[in-house]
Amino acid sequence: MSAPTHLRPLPPGPSAPRARARATTRAGTRLHWWALALPALAFGLLLLLLAGSGEAHAATGEVSGLVQVAEQVLRAVG
């Protein structure tokens, strides 16, 4: 059994469809800061992984550029 719903009627006049359209476009286009920052950060980290993959320093024990950048970011954030 469905519950009854109570909807408010729209105000009469030609401005009602425009006001409703404006309200839906404003709510639909709002992005949080992390919606852009996280994909950009992931892209940058993957790009660093690909760029530094040609220089393998595992046998010599040297720290790679990616590890150095990650340490700098962690120091800046924390």
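Calculation notes
- Residues numbered from 1 in each chain as written.
- Predicted model: local features only at pLDDT ≥ 70, side-chain atom pairs only at ≥ 80, totals over all residues.
- Heavy atoms only, no water.
- Salt bridge = Lys/Arg side-chain N within 4 Å of Asp/Glu carboxyl O.
- Helix = DSSP H or I, 4+ residues; strand = E, 2+ residues; numbered from the N terminus.
- Buried < 20%, exposed > 50% of the residue type's maximum accessible area, 1.4 Å probe, protein only.
- pLDDT = per-residue confidence, 0-100.
- Patch = residues over 30% accessible without salt bridge, like charges linked within 9 Å, V, L, I, M, F, W, Y side chains within 5 Å.
- Areas by Shrake-Rupley, 256 points an atom, 1.4 Å probe, with all protein chains shown as cover.

Caption draft 1: Just the pattern of salt bridges, in detail. Overall, the coordinates contain 1 salt bridge when judged by the stated rule. Of the charged contacts in the structure, one is a salt bridge between arginine 75 and glutamate 71, with a shortest N-O distance of 3.9 Å. Remark: glutamate 71 and arginine 75 occur in helix H3 (residues 65–77); sequence separation between them is 4 residues, near one turn of the helix. With relative accessibility at 38%, the residue glutamate 71 sits in the partly exposed group.

Caption draft 2: Main features of the confidence of the model for the protein chain. Confidence in the prediction for the protein chain averages 75 pLDDT; 65% of positions are at 70 or higher. Summarising per-element confidence for the protein chain, the mean pLDDT is lowest in helix H1 (residues 15–29) (57) and highest in helix H2 (residues 33–51) (89).

Caption draft 3: Broad picture of a nonpolar patch on the surface. On the surface, Trp33, Trp34, Leu38, Leu41, Leu45, Leu48, Val69, Val73 and Val77 cluster together to form a nonpolar patch covering roughly 920 Å² of accessible area. Listed by contribution, the elements that provide at least two residues to the nonpolar patch are H2 and H3. The element contributing the most residues to the nonpolar patch is H2, with 6 residues. Residue position: leucine 48 is located in helix H2.

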